Structures are given as structure tokens and as C-alpha cells.
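One letter stands for each residue in the lines below.
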Amino acid sequence: MQHSSIHWFRKGLRLHDNPALLAAATDCCCLHPLFILNPSSSQAGTNAQRFLLDALQDLDGSLQKIGSRLFVVRGCPEEVFPSLFHTWGTTRLTFEVDTEPSARQRDATVAKLAAQHGVEVIQEVSHTLYDTERWVPGAVSWGCGIQPQCQAHLSLSHPRVLALNEGKAPLTYKRLQSLLATLGPPEKPAPALTQEHLQGCHTPCQASHDTDYGVPNLEELGQDPTNVGPHLYPGGETAALTRLDALMERTAWVCSFQKPRTAPTSLSPSTTVLSPYLKFGCLSVRTFWWRLDQVYQGQQEHSQPPTSLHGQLLWREFFYTAGASIPNFDRMVGNPVCLQVDWDNNPQHLHAWREGQTGYPFIDAIMTQLRTEGWIHHLARHAVACFLTRGDLWVSWEEGLKVFEELLLDADWSLNAGNWLWLSGSAFFHQYFRVYSPVAFGKKTDRDGAYIRKYVPILKDFPAEYIYEPWKAPQAVQERAGCLVGTHYPQPIVEHGVASKRNLGRMKVAHARKGNKSPMRHQAHFTSSCHLSCLSLPQAPSESHWLVPQWPNHKGKSPRPRGSEPHKDVQAVVSYGSCTTCPVLTHFAQPPCINPFPSPSLRLATWLLPPPQKSTPTPSTCPKKVCHPPT
């Protein structure tokens, strides 16, 4: 049978490794590549919308080169499709699997509509490395004879990864690795759609195509183009593959890449910045994985997960698996893995944080970069997320999630929610007594404050001694710098030492209410070392989070006594402004003097990592030379 096919682009805005698109072109006499713009379903800001429009323009151009076109339609998919099925005489609908809860509900509704119109539906997995949506790999088809209850059964079946874990999401990285080890490496990418695939197939286009179905501009979407920032990261498959090719040529950099060693204050990205392209599907994650594998194969040694580039893609998989299975993953109430916390409702503090007006230059520089460029380093994300929530302002992580969803180019639902859960100490990460200092952390990689001078230019003439704490500068210094704190730049909205100490007590209360008198102590080492922003997806913290069976004190001698409280009995407790050990963390209960990843020589194919091994601490920013600073 020769089909009249619609391929529905949502994510997956590419021709390479797009098995659903290939399925649409198989036994096809008429192909309509479709994208539906539904403004009511997106919270994306102007920068992210520009990236999307870039990607659509690039996709349309690529389709034109092989004799097809992209059809852009506006509206709600559930309302648009019945008309399109009738007008275009559609017999087959294909699209990529989307694991987000709202997308799954939408897709189930569209599948029912398709069945009512006698349209076959094919879904293919290509946005994740593994199948996180159903039991059996390959396409799921709903023909006109499938009953709604059968569709519901298919949509509710446990993801394959979850099935290996008794239907539950793996809550540690190491557990995910052990599950994936049984599945083997990810599938190889599907071939890119070419003119050969479209032989005997045509895309009907009228002279009015650009008017009727063309890609709109920002003004047509109701956006002010003057609000966009510098065009640093153009969207689209072409830009994605060009960026990937350039990175893969840096063999030594790829093989030695370790996320914690990258700098949040770098004036040019120290990671890959491929995360926006992965989020929109301009770059296939499987293509990225196997390109990395080709580089690794030619080298005797390379970095290993979780800090390597392969490791970052596994972090992405970790949060996708969690988001696909944990109810209410993007909120506190009704989320079974989320700590229930009585966050403050403080719109003034939230606004100051969002607008970069907290009075802490490092925090304000990060938020300014985010608002203007749409991307920030993963450790910068950690710092501002901790500051908003458990560190200083005690504002709900859900509010921060909304801001990131609006401003980030790479605001991926599962990753955004998972990392805010982590960074706020609400799930996955239980060492809540470890807090980023909004002053000392930035100094670790940028003591002179070049990053602050770029993004908070009102402070550019402050001497390095005061650039992170301008309120401490004498009046004469402020006058010479042309910036009076409290007039031209705000005073700190909270006193970090006081706020962080108060919030530590509040977190303790929340854990006690849950029944956990103290943080989880005896877990397998579980690092966030990055996952995602090299990539740079919003990431779980990398505050040297090695969760280890023992808690050595700063002299490296005795483990923590059973039942003791970490913020009371360890010598390394620090109070801001009167640091007794390491100034980088405000509360630093266990120095990361254990390196759980001692550069194993095993190939990545072995997947499982060796157990933690002690290593000699390396002096760095710690004034007493006794511990590594957080990464």
C-alpha cells in the first residue's frame, strides 16, 4: 500500500537519525513534514523561541534540498489534526516518542483521533539513548481496529529500563549504570533521510506555501525582537553538526574531558554547549554517543563516566528515566521522591534573583548572562539554584524551575526538574549542609573577577579585592570606581552567613519531619560531576558530592560515629566570614578527600566503575591546604 504520510516534528528537528521520519517515507506516495506551533503550550522566552525558529528554518532548507518542504501550522494538535487528515488524505502519522507527561497525554489523544480517521500511527524512540517508554523496542502502531483500552495499556506499560528495576526509577547513577550494562550499548543511529528515500514520493507545495505554511518570525509570534540577546548559538541541525564536528576534531580535549574541571567563570564556554541542540533534537543523542565512541576507540586512555562526555549523556538518560516514571516530577506536592519543605513566599527576593539584583556580584553576573545569552555553565546553575533555595533566599525550587524554563535555551523538562530537585536538596542529593558560598565559589576560578566585570559592568572598575564583595569597599574606593553600593548597585538582600545558618536549621526540620533525623550517610558514591551542561543541561550539583560509606574528619582519621549529626560533630563546619577550614562552602561537613574515580583504564564498554579509592588531597584554594574545593 502506498501511504499518504504526515511526519510530525516536535523535538527531533533533524534529518539524521530520525527513524520516525524514515518510517513516514517508507511505501509513501505523498509526504507532509509538519510542525505545529502551539504558543499556549510553551513558556520559552524570546531567546529560546529564536533558537526554535532558527531550527525550523534550517530544517525547511534541508528538506528543500531533497525535494520536500516543511509545513508549519499554528494551533492545538488535537484540533489541527482532524482537519489535516481530511484535507491531505492522510493514511499514516509518524512521530518521535516524547516521555514528558503532558506530551504523552497529548500523543495518546492524537493517536485516538488518528484511529477514528483510519490513520496508522507509528512512534519511534530517538530522543534518548534507550527506550524509556515501552516494553518492546521498535514502532508502536495504532490502526483503526485498536481499541482505546489497548492504547492506554501501551502508554502505561513500564519503560524498558524501569522494567529491569521492578518498575521503579533508579535513584542513583550507579544503579542506572548497572541496569544499562544488561542492555548493552545504545542502538546505532538511523541513516539520514535523503533524496533516494523519497523516490516515488512527493510533497505537494503551492506557490503560496511560504504564506500559508512558512516559518514565522518573532514578531508574528508576538515577541519583541529587540529583547533578544547576542546570537551566540544559532539553532538548527546544520549548526549542531558543525559544532559537533569541530569538537570531535579536538581529540585530546574529548578524551581528557572531566566536567568538574571546567570553569563556570570562563568568558567563552569551557564545555560543548551542545545541550540546546540535544534539547530541540537538532542533534541526535545517539549520534553524539557513537561519535564519541569513535574518538575513544582510537585512544589508549580516556576519561570515564560520570565525569566524561559519555558520562554526561548517561546523566541525561538518568533524569529522563526518572521524569518518565516519577509522578509530579516537576513539583513538590505529590512527588514521592521530593522532600516536603515549607518554602517562603517572597516575590521581592525572587524578582531580585531573576533580574540579577541580589547584591552578590557573582550571582548577579550569572543571572545576567542567563537572561541575555540563554546559556550558563552547569556550575553557575548550581550556584544560583542553591542561592535561591536552601542556601540563602529559601524560595521554592519550583519558582527557579519556571525561570530556567523561560530563559534557558536548553530548558529540557526532565533535566530541569531533576536538577532543581537535586540542587535544592529536595531529592537525590541529601548532604543539605553543603552550601555554595556566593563569594568564595566564584573566586576559585576567577579571583580577579573578569566574569563579573563582563556581566555586571557597573562594577568593572572595582579592585579585585572588592569585586566579589563591593559593600566592603571603603567609600573612597566606591567613588573612584564610579559605583556607590546602595545607590548604583544594591546592597546584599540577605547576609549570607546568617541566612545559610538559618536555612540549615530549616532543612534539618524538614528532614526530621520526614523521619530522617540526619542526611543519608551510607550510600554508594553518587556524583553529579556534571551531567549536562557540556551539554550543559541544567545539572545536578558538582560540589564534590561523593556520598561515601565513611566520613573522615579533616585529619583523615576516624569515621563519623554512628548517629552523630554531620553539622555538629565534624571539625570542618564553617561559618561565612570566619572560615576555620575551607571558605568555598559555607557548611562543609566532609572534605572531598576521596576520589571515587581513580582513572580506570577499563574501556567505557565495561560501564561499571571501580569502588572509591583514597587519594592524597591536593592543595588548592583551601587556606589550610587540607581539602579539595568543590567542583
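Residues numbered from 1 in each chain as written. Predicted model: local features only at pLDDT ≥ 70, side-chain atom pairs only at ≥ 80, totals over all residues. Heavy atoms only, no water.

**Some points on the packing of aromatic side chains**
As a reminder, the rule being used: Each pair of aromatic rings taken from Phe, Tyr and Trp, with Trp reduced to its six-membered ring, is defined by centres within 6.5 Å and is described as stacked if the planes are under 30 degrees apart, edge-to-face if over 60, and tilted in the remaining cases. Buried residues are those whose accessible area, probed at 1.4 Å on protein chains only, stays under 20% of the maximum for their type, while exposed residues exceed 50% and partly exposed ones sit between those limits.
What the rule picks out here adds up to 33 aromatic pairs. Plain terms: the ring middles of tryptophan 253 and phenylalanine 257 are 5.2 Å apart, the flat faces sit at 70 degrees to each other, and that makes the pair edge-to-face. The exposure class of phenylalanine 257 is buried, given its relative accessible area of 3%. Site record: aromatic cluster; members linked through ring pairs are Tyr173, Trp315, Phe318, Phe319, Phe329, Trp413, Trp422, Phe428 and Phe429.

**Things to note about the pattern of salt bridges**
To keep things clear, this is the line we draw: What makes a salt bridge here is a side-chain nitrogen of Lys or Arg within 4 Å of a carboxyl oxygen of Asp or Glu, nothing more. By definition, any uninterrupted DSSP run of H or I lasting at least four residues is a helix, any uninterrupted run of E lasting at least two residues is a strand, and each is numbered from the N terminus.
All told, the structure shown has 24 salt bridges when counted by the stated rule. Residue arginine 286 is joined to glutamate 187 by a salt bridge in which the shortest nitrogen-to-oxygen separation is 3.8 Å. Placement of the pair is arginine 286 in helix H12 (residues 285–297) and glutamate 187 in the loop between helix H7 (173–183) and helix H8 (209–213), with a sequence separation of 99 residues. The partner of aspartate 330 in a salt bridge is arginine 331, and the shortest N-O contact between them spans 3.2 Å.

**Some remarks on the packing of helix H3 (residues 77–88) against helix H4 (residues 101–116)**
Note the following rule: Simply put, an axis is a line fit to the C-alpha atoms, just over the touching stretch for a helix, and the angle between two N-to-C directions goes from 0 to 180 degrees. Each angle receives one of four descriptions, namely roughly parallel if under 35 degrees, roughly antiparallel if over 145, roughly perpendicular if within 65 to 115, and oblique otherwise. Crossing handedness follows the turn of the near helix against the far one: under a right angle anticlockwise gives a left-handed crossing, and clockwise gives a right-handed one. Between two residues, a contact is recorded if the distance between any of their heavy atoms is within 4.5 Å. When residues are grouped by polarity, Ala, Val, Leu, Ile, Met, Phe, Trp, Tyr, Cys and Pro land in nonpolar, Asp, Glu, Lys and Arg in charged, and all others, Gly among them, in polar.
Two elements in contact, H3 and H4, have axes whose closest approach is 10 Å; the angle formed by their N-to-C orientations is 25 degrees. One way to sum up the angle between H3 and H4 is to call them roughly parallel. Handedness of the crossing formed by H3 with H4: right-handed. Counting all contacts with H3, which are made through Pro77, Glu78, Phe81, Pro82 and Phe85, the residues of H4 involved are Arg106, Thr109, Val110, Leu113 and Ala114. The residue makeup of the contact of H3 with H4, split by class, is seven nonpolar, one polar and two charged.

**Brief notes about helix H9 (residues 237–248)**
The condition that has to hold: The length a helix should cover is 1.5 Å for every residue beyond the first. Starting at the helix axis, one direction is taken to each C-beta atom, and the arc is that of these directions.
With twelve residues, H9 should cover 16 Å at 1.5 Å per step; its first-to-last C-alpha distance of 16 Å lies within 8% of that length. All of the buried residues along H9 are Glu237, Ala240, Leu244, Leu247 and Met248. For H9, the angular spread of the buried residues around the axis is 95 degrees, confining them to a single face.

**Comments concerning the nonpolar core**
Here is the rule we go by: Side-chain atoms within 4.5 Å link the members of a nonpolar core, which is a set of buried Ala, Val, Leu, Ile, Met, Phe, Trp, Tyr and Cys residues.
Judged by nonpolar contacts, the single largest core of 140 residues is most densely connected at Leu13, Phe288, Phe329, Trp353 and Phe428. In terms of nonpolar packing, the next biggest core, distinct from the first, is built from 17 residues, Ile6, Trp8, Phe95 and Val119 among them.

**Side note on unusual backbone geometry**
Here the amide bond leading from proline 305 into proline 306 is cis, since omega sits at 10 degrees, within 30 degrees of zero. Within the fold, proline 306 resides in the loop between H12 and helix H13 (309–325). Of note in the backbone geometry, tryptophan 394 takes a positive phi value of approximately 55 degrees without being a glycine. Positionally, tryptophan 394 belongs in the loop between helix H16 (378–391) and helix H17 (397–407). Of note in this structure, phenylalanine 428 is not a glycine but carries a positive phi near 70 degrees. Structurally, phenylalanine 428 is set in the loop between helix H18 (413–423) and helix H19 (440–443). Assessed through its relative accessible area of 6%, phenylalanine 428 is described here as buried.

None of the figures reported here should be taken as evidence of function without further support.
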